[in-house]
Amino acid sequence: MIPFAYGRLSGLVLSGPARLLPTVLAGLLALSGCRDTADEHLIQGTALGTGYHITLYADLDQARRAELEAGIQGELATLERQRGDLMRALDAATVRFWSPTSALRHEADRLAHALAADRLTLWLEEHDPALAASLVEVGGVMRARGEPPAGDWRLSLEQAGLPGPADARHLRLRDAAVVHRFARRDVVPLVTMTAPLAVSVVAPSASEAMHQASRLMRADPAEALSLAERMDSAARVVVKTPQGIEFQHTAALEPWLEP
């Protein structure tokens, strides 16, 4: 059996899962620590209903950077069209049954963000093999490749809308992705006695991390832990109980945690 590490904070949740995930989470998951900014390039904008931030470490002149930016915009435009087609299909499939589509649209967006993080990472690797390192973030979904000058990408593991545990941790990410899922306030009311609040998963790709995190969020709180075991998932689960908030993570997450 995979052991779990436990932490607990007393008191009730003061705020629900962050509805402003694309903006709040991006800020809370910002890179911390000092970095060598030589040959560091930041490309950012809005797409897929959210914001994106791409940090590159590469020897790029102005023309080469403009070329990469144009290619990134082209990839995002393709994904935007695919997202639009999917949203129209969801609306057409549910309107005849008078079913609300907000939850389905939310899930479709999260999948689109994970796909975009993967697609952009692979596109950059293919079109600039000399790229030393990259970190792609789309709507809070992050995928890292390579090693920046200061070492692995250092990311906060804390969750938007939740109090941090006493032993707040950071991840050291390289050639992997991290996804955070939050319980929606309209799906899991705060008055419930026990409920999953958030899940964080590290996996080789953003799409795989999103798949695992979504499965864990849909599971019963007690089942989420055993499910993470069976999947050998590098995961952290945050659960609200009558006694307070519990932070639990699998042993598979330990190699990614900062000592």
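Residues numbered from 1 in each chain as written. Predicted model: local features only at pLDDT ≥ 70, side-chain atom pairs only at ≥ 80, totals over all residues. Heavy atoms only, no water.

1. Some remarks on the environment of Ala-235
In this structure, Ala-235 sits in strand 10 (residues 234-241). In this structure Ala-235 comes out as buried when scored by relative accessible area, which is 1%. (Helix = DSSP H or I, 4+ residues; strand = E, 2+ residues; numbered from the N terminus. Buried < 20%, exposed > 50% of the residue type's maximum accessible area, 1.4 Å probe, protein only.)

2. Observations concerning the packing of helix 4 (residues 206-218) against helix 5 (residues 221-231)
Remark: helix 4 packs on helix 5, axes separated minimally by 8 Å, with the N-to-C direction vectors making an angle of 150°. Accordingly, the angle class assigned to the pair helix 4 and helix 5 is roughly antiparallel. For helix 4 against helix 5, the interelement crossing comes out right-handed. Counted together, Gln-212, Arg-215 and Leu-216 of helix 4 and Ala-224, Leu-227, Ala-228 and Met-231 of helix 5 form the full contact between these two elements. (Axes fitted to C-alpha atoms, helices over the stretch in contact; angles between N-to-C directions. Parallel < 35°, antiparallel > 145°, perpendicular 65-115°, else oblique. Left-handed = near helix turned anticlockwise from the far one by under 90°. Contact = heavy atoms within 4.5 Å.)

3. Structural notes on unusual backbone geometry
In this structure, Leu-48 is a non-glycine residue whose phi angle is positive, near 55°. Inspection of the secondary structure assignment puts Leu-48 in the loop between strand 2 (40-47) and strand 3 (50-57). Owing to a relative accessible area of 1%, Leu-48 belongs among the buried residues under this scheme. The backbone phi angle of Asp-232 is positive, close to 50°, even though this residue is not glycine. Mapped onto the elements of the fold, Asp-232 is located in the loop between helix 5 and strand 10.

4. Brief notes about the confidence of the model for the protein chain
Confidence along the protein chain averages 81 in pLDDT terms, with 76% of residues attaining 70 or more. Least confident of the elements in the protein chain is strand 1 (residues 4-10), whose mean pLDDT is 37; most confident is strand 4 (residues 133-138), at 98. Low pLDDT, under 50, characterises residues 1-36; the stretch is placed with 91 contacts to residues that sit more than four places away or in other chains. (pLDDT = per-residue confidence, 0-100.)

5. Some words on the nonpolar core
Grouped together as the largest cluster of nonpolar side chains are 42 residues, with contacts concentrated most on Ile-54, Leu-56, Ile-72 and Leu-124. Sequence-distant contacts of Leu-124, that is, excluding residues within four places in its chain, are made with Ile-54, Leu-56, Leu-68, Ile-72, Leu-131, Ser-134 and Val-136. Judged by nonpolar contacts, the second largest core, of 16 residues, contains Leu-135, Met-142, Ala-176 and Leu-257. (Core = buried A, V, L, I, M, F, W, Y, C linked by side-chain atoms within 4.5 Å.)

6. Remarks on the pattern of salt bridges
The tally for this structure, following the rule as stated, stands at 13 salt bridges. A salt bridge links Arg-181 to Glu-107; the shortest N-O distance between them is 2.7 Å. Here Arg-181 is found in strand 8 (residues 176-182), whereas its partner Glu-107 is found in helix 3 (residues 102-127), with 74 residues between them in sequence. Its relative accessible area of 6% is what places Arg-181 among the buried residues. By relative accessible area, which is 29% here, Glu-107 ends up partly exposed. Among the ionic pairs, Glu-125 bridges to Arg-145, the shortest N-O distance being 3.7 Å. Of this pair, Glu-125 sits in helix 3 while Arg-145 sits in strand 5 (residues 141-146), and the two are 20 residues apart along the sequence. Looking at Arg-145, the relative accessible area reads 14%, which means it is buried. Salt bridges here are not isolated pairs; linked through shared partners, they connect Glu-80, Arg-83 and Asp-109. (Salt bridge = Lys/Arg side-chain N within 4 Å of Asp/Glu carboxyl O.)

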